[in-house]
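Given next are the chains, with one letter for each unit.
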Amino acid sequence: MQTLAHPHNQLLPSLPRRRRSIDAGAGKRRCWTPSVEAMAAELKMEHEKKGEKENKLWGGRFQESVTDAVERFSESVSFDKQLYKQDIRGSRAHATMLANQGLMSDSDKHCILSGLDEIERRIENGEFVWRADREDVHMNIEAALTDLIGEPAKKLHTARSRNDQVVTDLRLWCRDAIDQILSCIKQLQVGLIMLAKENDGLIVPGYTHLQRAQPVLLQHLLLSYVEQLERDFCRLVNCKDRLNVCPLGACALAGTGLPIDRFMTSEALGFSAPMKNSIDAVSDRDFVLEFLAANSITAIHLSRLGEEWVMWASEEFGFLTPSDKVSTGSSIMPQKKNPDPMELVRGKSARVVGDLVTLLVLCKGLPQAYNRDLQEDKEPLFDSVKTIIGMLEVTTEFAQNVTFNRQKIQKALPAGHLDATTLADYLVKKGIPFRTSHDIVGRSVALCVAKNCQLSDLTLDDFRIISPVFEEDVYEFLGVENCIKKFCSYGSTGSEMVAEQLNAWITKLNISGISS
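Going by what an unreviewed UniProt entry lists, the protein is known as Argininosuccinate lyase protein and is assigned to Dioscorea alata.

**Q** I'd like a description of the packing of aromatic side chains, backed by residues and values.
**A** In total, this model carries 11 aromatic pairs according to the counting rule given. Its end group placed over the ring of Phe-287, Arg-171 keeps NZ or CZ at 4.1 Å from the ring centre. Above the ring of Phe-477, the side-chain terminus of Lys-486 is found at 4.3 Å from the ring centroid.

**Q** Residue-level account of the packing of helix H8 (residues 218-243) against helix H19 (residues 495-508), with values.
**A** As a packed pair, H8 and H19 sit with axes 11 Å apart at the nearest point and diverge in direction by 40°. Classified by the angle between their axes, H8 and H19 sit oblique to one another. For the element pair H8 and H19, the recorded crossing hand is left-handed. Across the interface between the two elements, Gln-219, His-220, Leu-223, Val-226, Glu-227 and Glu-230 of H8 pack against Val-498, Gln-501, Leu-502, Trp-505 and Lys-508 of H19.

**Q** Go over the pairing of strand E4 (residues 211-217), please, and point to the residues and values.
**A** In this sheet, E4 lies alongside strand E3 (residues 203-208) in antiparallel orientation, the contact comprising 6 bridges. Looking at the pairing, Pro-205 lines up with Pro-215 of E4. The antiparallel hairpin formed by E3 and E4 contains 2 residues in its connecting segment, where His-209 sits at a positive phi of about 60°.

**Q** Run through helix H15 (residues 420-429), naming residues and quoting values.
**A** Listed in full, the buried residues belonging to H15 are Ala-420, Thr-422, Leu-423, Ala-424, Tyr-426 and Leu-427. In the segment just after H15, Gly-431 is the residue with positive phi, at about 95°.

**Q** Outline the pattern of salt bridges, supporting the account with residue identities and numerical values.
**A** The full count for this structure, using the stated rule, is 27 salt bridges. A salt bridge links Arg-134 to Asp-147; the shortest N-O distance between them is 3.0 Å. Placement of Arg-134 in the loop between helix H5 (106-124) and helix H6 (137-149) and of Asp-147 in helix H6 is noted, with a sequence separation of 13 residues between them. Like Arg-134, the residue Asp-147 is buried in the burial classification. Across the salt bridge formed by Asp-377 and Arg-285, the nearest N and O atoms sit 2.7 Å from each other. Of the two residues, Asp-377 is situated in the loop between helix H12 (340-363) and helix H13 (378-399) and Arg-285 in the loop between helix H10 (278-283) and helix H11 (286-312); the sequence distance between them amounts to 92 residues. Residue Asp-377 is classed as buried on the basis of its relative accessible area of 0%.

**Q** Kindly report on the nonpolar core, identifying the contributing residues and their values.
**A** Proteins that are soluble and globular tend to have nonpolar side chains buried together. Ranked by size, the top nonpolar core spans 100 residues in total, and within it Phe-291, Trp-309, Trp-312, Leu-381 and Phe-404 carry the most contacts. Of the residues forming this core, the biggest block, 15 residues, is contributed by helix H7 (residues 162-198). Among the nonpolar cores identified, the runner-up in size contains 20 residues, and Tyr-426, Leu-427, Val-445 and Leu-478 belong to it.

**Q** How would you explain unusual backbone geometry if you had to name every residue and give the values?
**A** Negative phi is the rule for most residues except glycine; trans is the rule for most peptide bonds. A cis amide bond, omega 10°, links Gln-368 with the succeeding residue Ala-369. For Ala-369, the position within the fold is in the loop between H12 and H13. Unlike most non-glycine residues, His-209 shows phi in positive territory, near 60°. Positionally, His-209 belongs in the loop between E3 and E4. Judged by its relative accessible area of 77%, His-209 is exposed. With a phi angle near 55°, His-417 is a residue other than glycine that sits in the positive phi range. Tracing the sequence through the fold places His-417 in the loop between helix H14 (406-412) and H15. His-417 sits in the buried class, given a relative accessible area of 16%.

Scoring rules and cut-offs
Residues numbered from 1 in each chain as written. Predicted model: local features only at pLDDT ≥ 70, side-chain atom pairs only at ≥ 80, totals over all residues. Heavy atoms only, no water. Phe/Tyr/Trp six-rings, centres within 6.5 Å; stacked < 30°, edge-to-face > 60°. Lys NZ or Arg CZ within 6 Å of the ring centre and 35° of its normal. Axes fitted to C-alpha atoms, helices over the stretch in contact; angles between N-to-C directions. Helix = DSSP H or I, 4+ residues; strand = E, 2+ residues; numbered from the N terminus. Parallel < 35°, antiparallel > 145°, perpendicular 65-115°, else oblique. Left-handed = near helix turned anticlockwise from the far one by under 90°. Contact = heavy atoms within 4.5 Å. Pairing = 2+ DSSP bridges. Buried < 20%, exposed > 50% of the residue type's maximum accessible area, 1.4 Å probe, protein only. Salt bridge = Lys/Arg side-chain N within 4 Å of Asp/Glu carboxyl O. Core = buried A, V, L, I, M, F, W, Y, C linked by side-chain atoms within 4.5 Å.

Here's what the structure looks like:
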């Protein structure tokens, strides 16, 4: 019968004393799981009374235990335990490869795989005890496996180091996280497309320098954010392609003299290939930097959208009204209705950018190959992913719960002489050089300012005093509705162009329920 590998066994949930038959290929080996209740509890209490520490799996050459302060400072299991799925997945692939290469028996492999299944079950059911004295997710799982199945577990770390193990876990985790973020980006794109479809034909002021510039369709403005999100989407797809190489088998930094098959583990884990250089394999954190850079750009895009919608929800603009579902009130001013979610989106972008800066500074000046500094890469990574997912989800929620105030927007449109550039285009069509047209329209606007009126309010005589080129057809180019009709360049805010782009996005995103 297998015995506990450590005299001071981790307390695991009670198991009845039983034998488990595990298929070992040619035959069957009886893999014993001992009852640990009374013996483990007694040993643990005795161990704690003596104030002894559990022997580290790496502790063979050490005569003394690390101090409590060093142990507290060094542990990472408090945050890297969320890599448990990826760690177990990597261990399964590694054990299968070792058995295939004759570096462990099939029966030992099956014992390990069964033990890993049981540990994963306990973690997911909240039954697993994470121990800080076992430092990290890898040592917790390996030590628990040894407690559970005994000697076969000691073979799992053959031709593997925590250096290549952790970066394998990290690449797998990033791959999964990117898929989740891609899904969130698509949901927000769909939300913006639906919002655009609901506001067909609505013209809003377009701004440059936060000054009124030209009229644009609201749909055109919303599609500009869809385009930004598409670039964010593509950056993450490209990042995923580049990170999808397997470092497992690089060991500490130099590889191994044992006959492992790195191509087998790479394929089993869904990587495109093993990494070519073992030093680079354990040193590289470019993929984390690239991932966090992509998240940062996405966060900036969301912050810009948040800023615009916060302004538009103000009394000064009044263009947008969020529903009560996505608004908050004031603790002192009973009349207030605040678009807080988008303010927080704007604010949380700083965290995502800060996570990137933390990683950049962390990696700056590190010598090859692995350095313990790299333990600090996980918290900024985890925070960046959690924050960007939250930002995307709440922005989607906000987009589904806003109303654009057509009457207020239409009332505000005449201010700012938004049709001035279209009037310049009119003169260009009459053969006037653009710079001259620009000057003529500028003098026309100055006349409007003096008369406190719009360009469309000027008489033909007013126009002809400034330039004899003006004719009766000038009024076909004045007013925001006429401006929108005149835009015809590819990608412009012209009605036909916007409808074409909107329909293309409906098709691309496979949005059902609305016609394209």
